[in-house]
Amino acid sequence: MKRFFVLPLIAAGFLLNAQTIGNSPYAAFGIGDVKYDNTTDISSMGGISTAYIWDFNNNFNFSNPAANKNLELTTLKIEASNQNNFFKSNYNNMSATKHSSYLSNLTIAFPISNKVKFGLGYQPYSSKEYTILTKEVLDSGNSQMSLYHGEGTLSTVQAAMSYQITPEFAMGLRSNFFFGNLYDINELTTSDAELINGYETKNKVKSFNFTLGTAYQKKFQTDRKLTLGATYTFGNTGQMETRYVNSTYFYTPGKIKNNESIIEEKFSEDKNLIPMEFSFGAGYGRDAKWFVGTQLDYKNGETIQFLGKPFMNENSYKISAGGWYLPNYNNFRNYFSRVTYRYGAYYEKGNLAINGTNINQFAITGGMTLPFENRSASRMSGIDLGLELGKRGTLDNNLIRQNFVNLKIGINFADKWFNKRLYD
């Protein structure tokens, strides 16, 4: 049976099936819809993190493990995201709306000493869950149907440590363990055929890599400070096991394959699933008052098996800018003077290109940190709120434009957990 596979048709066909529940049609390609991002406070500033050292002692930066010189409290964060996507295509002038909510971050961090800080965290990295059904009438008059289905999740567990070499310069290391399974299948049949032709790919992932970070902060006598930071992610030491099967079969009740005949079966292993990345950032601000920064991220392209064929993700980059403003953290008469206000924006040249059309993304962000208690900001627990408004993709070549409104909320419990008792 001749295989029918056209990338733009997959993306446009995403809107044909009301049962599709994936967050994006572009999750069909590669390792899915990458959800891994920063904590709510960092996301609210456009994602700037490489040169971001929080002025107070109740926050840990996992993105740059070196930028944690001020952490003095044990901090426990629980965060969730609500994604709202609005899709539009020129393919038959179709549109659709998708929503989802998920636990996006769970971390704990604490100081080991004045110079050494440590954190553990969990986040979902990527997911795919899509069902796409397309139908075409052939020249012979018969109908040809294609069903594309994918599912699975990759998660990551992180351990990060920073060491303050001098009062101005620090280094940090973060280990990243990725695990999960991804599954894709393309089933093809025609109205005059008894059997179904299926192209099935299963990817099993267990992979490590490491992120090295540096941070430099120079303070001036005018309460101003200059911050520089850089990170480099390298060293996949695990692997992805891929099993590809091309077979024919038909279904019995209960969607059980029967009379399966394997035409082709291949096994492969790949250590380049999670690509090399680096980032550089710079920022300037005033102690406990305001901060503004910018950042450049670069990610190397990688190749993954998709329905039995190599699928190449291109090199990508992201430019971000943002910051925060705190009116007066010691003003106990006015609660909103102790609220931290955050703002930012970013542009990303994505790693996905379909028939020569780049799938890029742009967004503006904002948010705030609401303290719980009538104490100074240096010992506060609080709620982080974030909002992201943006656009991904294009209407060209029968593709899809994705407008999104993402809401994020996080709770940060911060206090001294491991201090020694002075009195019995």
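Just so it is clear, the structure is predicted and the values come from calculations on it, not from any experiment.

Engineer: Looking at this structure, I do not really get the overall build of the chain. What am I missing?
Structural biologist: In terms of helices and strands, the chain carries two helices and 21 strands. Residues classed as buried in the chain amount to 51% of the 424 residues present. A separation threshold of at least 6 residues defines the contact pool for the chain, and within that pool the share at least 24 residues apart is 66%. With an accessible surface of roughly 19,400 Å², the chain has 56% of that area assigned to carbon and sulfur atoms.

Engineer: Would you take a moment to explain the pairing of strand 19 (residues 361–371) for this structure?
Structural biologist: By the criterion of burial, strand 19 is predominantly enclosed, with eight of the 11 residues buried. Of the strand pairs in this sheet, strand 16 (residues 340–349) and strand 19 are connected by nine bridges, and their pairing is antiparallel. Across the sheet, residue Arg 342 finds its bridge partner in strand 19, namely Gly 367. In terms of strand pairing, strand 19 meets strand 20 (residues 382–393) through 11 bridges, oriented antiparallel. In the sheet register, Met 368 faces strand 20, and the bridge partner there is Leu 385.

Engineer: Help me out: how do you make sense of the pattern of salt bridges in this one?
Structural biologist: Two side chains bearing opposite charge may form a pair once their charged atoms approach each other closely. In total, this model carries 12 salt bridges according to the counting rule given. Glu 200 is the salt-bridge partner of Lys 257, the closest N and O atoms lying 2.9 Å from each other. Pair noted here: Lys 257 is in strand 10 (residues 256–270) and Glu 200 is in strand 7 (residues 196–219), with a separation of 57 residues, a long-range link. Since its relative accessible area comes to 10%, Glu 200 is described here as buried. For Lys 225, the salt bridge goes to Asp 287, with nearest N and O atoms at 3.8 Å. Taken together, the residues Lys 225 in strand 8 (residues 224–234) and Asp 287 in the loop between strand 11 (277–286) and strand 12 (290–299) connect sequence positions 62 residues apart. For Lys 225, a relative accessible area of 1% corresponds to the buried category. By relative accessible area, Asp 287 is classed as partly exposed at 28%.

Engineer: Can you help me understand a nonpolar patch on the surface in this one?
Structural biologist: Together, Leu 296, Tyr 317, Ile 319, Tyr 347, Phe 362, Ile 364, Leu 387, Leu 389 and Leu 407 make up an exposed nonpolar region whose accessible area comes to about 750 Å². Broken down by secondary-structure element, the contributors of at least two residues to the nonpolar patch are strand 15 (316–325), strand 19 and strand 20. If you trace the backbone, Leu 387 turns up in strand 20.

Engineer: Help me understand the environment of Ile 185 in this model?
Structural biologist: Looking at where Ile 185 falls in the secondary structure, it is placed in strand 6 (residues 169–190). Among the residues examined, Ile 185 registers a relative accessible area of 6% and is labelled buried.

Engineer: I tried to follow the packing of aromatic side chains on my own but got confused; where do I start?
Structural biologist: The geometry of an aromatic ring pair is captured by two quantities: the separation of the ring centres and the angle between the planes. Under the defined criterion, the tally for this structure stands at 16 aromatic pairs. On the numbers, 6.4 Å between centres and 50° between planes, the contact of Tyr 52 with Phe 291 is tilted. Placement of the pair is Tyr 52 in the loop between helix 2 (40–43) and strand 2 (74–89) and Phe 291 in strand 12, with a sequence separation of 239 residues. Phe 291 shares its class with Tyr 52; the two are buried. Measuring from ring centre to ring centre gives 4.8 Å for Phe 177 and Phe 208, while their planes differ by 35°; the resulting arrangement is tilted.

Engineer: Looking at this structure, I do not really get the environment of Asp 384. What am I missing?
Structural biologist: Take Asp 384: it is sitting in strand 20. Since its relative accessible area comes to 5%, Asp 384 is described here as buried. A sequence separation of 16 residues divides Asp 384 from Met 368, and the C-alpha atoms of the two residues are 6.0 Å apart.

Engineer: Honestly, the side chain of Thr 50 in this entry has me stumped. Any pointers?
Structural biologist: Structurally, Thr 50 is set in the loop between helix 2 and strand 2. Reaching out from Thr 50, the side chain makes a polar contact with the side chain of Ser 279 at a distance of 2.8 Å. Excluding its chain neighbours within four sequence positions, the residues that come into contact with Thr 50 are Asn 64, Gly 229, Ala 230, Thr 231, Ser 279, Phe 280, Gly 281 and Gln 295.

Engineer: Teacher, can you tell me more about unusual backbone geometry here?
Structural biologist: A positive phi angle, near 70°, is found at Asp 223, a position not held by glycine. Its location among the elements puts Asp 223 in the loop between strand 7 and strand 8. According to the relative accessible area criterion, Asp 223 is partly exposed, its value standing at 41%. In this structure, Asn 259 is a non-glycine residue whose phi angle is positive, near 55°.

Engineer: I keep staring at the nonpolar core and nothing clicks. Help me out?
Structural biologist: Side chains of a nonpolar character, in soluble globular proteins, are inclined to be buried together. Ranked by internal contacts, the top residues of the largest apolar core, which has 13 residues, are Tyr 26, Phe 29, Tyr 130, Leu 352, Ile 354, Ile 359 and Leu 399. Apart from residues no more than four positions distant in its own chain, Leu 352 is found in contact with Tyr 26, Phe 29, Phe 311, Asn 313, Thr 357, Asn 358 and Ile 359. In terms of nonpolar packing, the next biggest core, distinct from the first, is built from 10 residues, Trp 54, Phe 56, Phe 291 and Leu 326 among them.

Engineer: I tried to follow the pairing of strand 16 on my own but got confused; where do I start?
Structural biologist: Regular strands show a simple pattern: their side chains alternate between the two faces of the sheet. Pairing of strand 15 with strand 16 involves nine bridges; the strand directions are antiparallel. The residue bridging Gly 322 from the neighbouring strand is Gly 344, located in strand 16.

Engineer: What should I look at first to understand the confidence of the model for the chain in this one?
Structural biologist: Low-pLDDT stretches of the model should not have their predicted coordinates read in fine detail. A residue-level look at the chain finds 86% of positions with pLDDT of 70 or above and a mean pLDDT of 84. In the model, residues 1–22 has pLDDT below 50 throughout and makes 78 contacts with residues more than four positions away in sequence or in other chains.

Reading the values: the criteria
Positions within a chain are numbered from 1, following the residues in the order the chain's sequence is written. A pLDDT threshold of at least 70 governs which residues receive local features in this predicted model, and a stricter bar of 80 or more applies before side-chain atom pairs are shown or counted, although totals over entire chains, interfaces and linings include all residues. Only hydrogens and water are set aside when side-chain values are computed; all heavy atoms of the structure are taken into account. To qualify as a helix, a DSSP run of H or I must reach at least 4 residues; to qualify as a strand, a run of E must reach at least 2; elements of each kind are numbered from the N terminus. Residue exposure (1.4 Å probe, protein chains only): buried if accessible area is under 20% of the type maximum, exposed if over 50%, otherwise partly exposed. In this analysis, two residues are considered to be in contact whenever any of their non-hydrogen atoms come within 4.5 Å of each other. Throughout, the Shrake-Rupley method with a 1.4 Å probe supplies accessible areas, and for residues the shown protein chains are the sole cover considered. A pair of strands counts as paired when DSSP detects no fewer than two bridges linking them. The term salt bridge refers to a side-chain nitrogen of Lys or Arg lying within 4 Å of a carboxyl oxygen of Asp or Glu. Exposure above 30% relative accessible area and no salt bridge define the residues that can form patches, which grow by joining like charges within 9 Å and nonpolar side chains of Val, Leu, Ile, Met, Phe, Trp and Tyr within 5 Å. Between the rings of Phe, Tyr and Trp (Trp by its six-membered ring), a pair exists once the centres lie within 6.5 Å; its type follows the angle of the planes, with under 30 degrees stacked, over 60 edge-to-face, and the other angles tilted. Polar contact criterion, stated in full: a pair of N or O atoms within 3.5 Å, where within protein one must be able to donate a hydrogen and the other to accept it, and residues adjacent in sequence count only if both atoms are side-chain atoms. Buried Ala, Val, Leu, Ile, Met, Phe, Trp, Tyr and Cys residues form a nonpolar core when they are joined through side-chain atoms within 4.5 Å. A score from 0 to 100, pLDDT tells how confident the predictor is in each residue.

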